[in-house]
Amino acid sequence: MGETAPSSAQAPRSRARRREAGTALLFLLPQIFGLVAFVGVPLGVSLYYSFTHWDLVAPEPTWIGLENWTHLLEDERVPKVLWNTIKFIFTGTLSFLLMSLVAALLTYRPRRGVAFYRALLFLPYVLSQIAVGIVWRWMFNTESGPINAAIELFGVDGPQWLLDPATAMPAIALVTTWQGLGYGMTLYIASLHGVPEALPEAAKIDGANAWQRFRHVMLPMISPTVLFLVVTSLIGALQLFDPVVAMTTSGGSIGMAGGPDDSTRTVVLYMYNQMFNYNERLSGLGYAAAIAWVLALLTFVLTLVQWAFSKRWVFYAGEGAAKKGGQG
């Protein structure tokens, strides 16, 4: 008799839990359907195509097994486009992370006119990358562009910018940093506003200078935002396409983009070139799908590495207190 009461009390609770689980599943079904239909199915189809050859002209793809993958390992152009992407990461991604942090530190405190400066810095982010790239291609023009014209006022010849392999990728990185500056600044400002004022004030009383207060107090507090921007900006760098096309295509097709001397041809641009290039034995949809899968795996691995190392330098508020509570 003593065991019957708890069992009868647990039955309504278990039915309530099942109803809650069913309701939750009902609300999740549209999202699950979207993930399966628009992510899962395309991933499976692209994986299948990576083992085929199809120039989109033949009635159907031809199964060729691992030929696309073995050709990918032997393709001498792949290391080149990977290196171009890495160069952009070391120029555009790093400059974006640092310059947007500097902009946030200069504008996060309320003062007269600060809202105007924030809006001015954020405005380029809402513009089309293609439109921005076309305008900056004109600005970098060595003969009629305003940038070199301003430099020549000081009696110095301006660089060739988009015509020189040494300066083409840094020029593109400069444009992407300028356009994304406001986005990173906005996230940094939101994070900086979450830092309790008492912490840097206490450090100042203890004798810490401005750099020490930023390095040991503010930076750990905004480290989750830094991690988010590092992960997302690296993913964006690996997918660099529109700015390169807009700034290096002049009067030709997209196949002409990536110059000079392929110094700005990125992984995604090379994938696009192979997708619509039918002059090579293995070019076409199948080889492009293999490149896409390598890029996806590379992105996944880099993201995992960043998450693994983030445990050493990312601080989450309340984490220490939670650990102490668990130990107690």
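By the naming in an unreviewed UniProt entry, the chain goes by Sugar ABC transporter permease and is assigned to Microbispora hainanensis. Turning to the chain, the UniProt record has this under Sequence similarities (unreviewed entry): "Belongs to the binding-protein-dependent transport system permease family."

Turning to the UniProt feature "transmembrane region" (unreviewed entry) in the chain, a few remarks are in order. UniProt annotation of "transmembrane region" (unreviewed entry) refers to residues 21-49, 88-108, 120-139, 168-190, 221-241 and 285-305 when read in the numbering used here. Structurally, residues 168-190 comprises 100% helix and 0% strand, and the distance from its first C-alpha atom to its last is 34 Å. For residues 221-241, the end-to-end C-alpha separation is 34 Å, with 81% helix and 0% strand making up the annotated structure.

Let us look at the pattern of salt bridges. Counted according to the given criterion, the structure contains 5 salt bridges. With a closest N to O distance of 3.0 Å, Glu67 and Arg281 form a salt bridge. Placement of the pair is Glu67 in helix H2 (residues 67-74) and Arg281 in the loop between helix H12 (267-275) and helix H13 (285-313), with a sequence separation of 214 residues. Relative accessible area serves as the criterion here: at 32%, Glu67 is assigned to the partly exposed category. Overall, the relative accessible area of 59% leaves Arg281 in the exposed class. The salt bridge involving Asp262 is made with Arg265; its shortest N-O contact spans 2.9 Å. By relative accessible area, which is 34% here, Asp262 ends up partly exposed. Classification of Arg265 as buried rests on a relative accessible area of 11%. Linked by salt bridges that have partners in common, Asp75, Arg77 and Glu280 make up one network.

Attention shifts here to the nonpolar core. Judged by nonpolar contacts, the single largest core of 55 residues is most densely connected at Phe88, Trp136, Phe140, Tyr188, Ile222, Met247 and Ile291. Breaking this core down by element, the ones donating at least two residues are helix H3 (77-107), helix H5 (129-139), helix H7 (165-192), helix H9 (210-221), helix H10 (223-238), helix H11 (242-248), H12 and H13. It is H7 that provides the largest number of residues to this core, a total of 10 residues. Ignoring any residue separated from it by four or fewer positions in sequence, one finds Ile222 in contact with Leu101, Tyr188, Ser191, Leu192 and Val195.

Here we take up the environment of Val78. Turning to its location among the elements, Val78 is positioned in helix H3. A relative accessible area of 15% places Val78 in the buried class. As a C-alpha pair, Val78 and Tyr270 span 192 residues in sequence and 8.2 Å in three-dimensional space. Non-local contacts of Val78, meaning those with residues more than four positions away in its chain, are made with Leu72, Tyr270 and Tyr287.

Right, let's talk about the packing of H3 against H12 for a bit. At a minimum axis distance of 8 Å, the contact between H3 and H12 shows a crossing angle of 140°. In this structure, H3 contributes Arg77, Val78, Val81, Leu82 and Thr85 to the contact, and H12 contributes Val267, Tyr270 and Gln274. A breakdown of the residues in the contact of H3 with H12 according to their chemical character gives 5 nonpolar, 2 polar and 1 charged.

Right, let's get into the domain arrangement of the chain. We note that the domain assignment places domain 1 (4-49) and domain 2 (68-317) within the chain. Distance from the C-alpha centre of domain 1 to the C-alpha centre of domain 2: 38 Å. Across the interface of domain 1 and domain 2, roughly 410 Å² is buried in total on both sides, 74% from carbon and sulfur atoms. If you sort the residues of domain 1 by the area they bury against domain 2, Ser46, Leu47 and Tyr49 come out on top, with a joint share of 87%. Scanning the region where domain 1 abuts domain 2 turns up 0 salt bridges. At the junction of domain 1 and domain 2, the tally comes to 1 residue pair in polar contact (both at pLDDT 80 or more).

This part takes up a nonpolar patch on the surface. A cluster of nonpolar residues, Leu25, Leu26, Leu28, Leu29, Ile32, Val36, Val41 and Val45, forms a patch on the protein surface that exposes about 690 Å² of accessible area. With respect to the secondary-structure elements, Val41 resides in helix H1 (residues 4-49).

Here we come to the packing of aromatic side chains. Applying the stated criterion to the full structure yields 14 aromatic pairs. Between the aromatic rings of Phe51 and Trp63, the centroid separation amounts to 5.7 Å while the plane-to-plane angle is 25°, which identifies the pairing as stacked. With Phe51 in the loop between H1 and strand E1 (52-53) and Trp63 in strand E2 (residues 62-63), the pair connects residues that are 12 residues apart, well separated along the chain. On the accessibility criterion, Phe51 (21% relative accessible area) is partly exposed. Taken together, a centroid distance of 5.0 Å and an interplanar angle of 15° make the contact between Tyr125 and Tyr183 stacked. Within this pair, whereas Tyr125 is found in the loop between helix H4 (114-122) and H5, its partner Tyr183 is found in helix H7, the two being separated by 58 residues in sequence. Exposure remark for Tyr183: the relative accessible area of 24% places this residue in the partly exposed category. Taken together, the ring pairs in this structure connect Tyr48, Tyr49, Phe51, Trp54, Trp63 and Trp69 into an aromatic cluster.

What counts and how
Residues numbered from 1 in each chain as written. Predicted model: local features only at pLDDT ≥ 70, side-chain atom pairs only at ≥ 80, totals over all residues. Heavy atoms only, no water. UniProt positions renumbered as here; feature names shortened; annotations may be inferred. Helix = DSSP H or I, 4+ residues; strand = E, 2+ residues; numbered from the N terminus. Salt bridge = Lys/Arg side-chain N within 4 Å of Asp/Glu carboxyl O. Buried < 20%, exposed > 50% of the residue type's maximum accessible area, 1.4 Å probe, protein only. Core = buried A, V, L, I, M, F, W, Y, C linked by side-chain atoms within 4.5 Å. Contact = heavy atoms within 4.5 Å. Axes fitted to C-alpha atoms, helices over the stretch in contact; angles between N-to-C directions. Nonpolar A, V, L, I, M, F, W, Y, C, P; charged D, E, K, R; others polar. Domains from an automatic or database assignment. Buried area = accessible area lost by both parts, 1.4 Å probe. Polar contact = N/O pair within 3.5 Å; in protein donor to acceptor, adjacent residues only side chain to side chain. Patch = residues over 30% accessible without salt bridge, like charges linked within 9 Å, V, L, I, M, F, W, Y side chains within 5 Å. Areas by Shrake-Rupley, 256 points an atom, 1.4 Å probe, with all protein chains shown as cover. Phe/Tyr/Trp six-rings, centres within 6.5 Å; stacked < 30°, edge-to-face > 60°.

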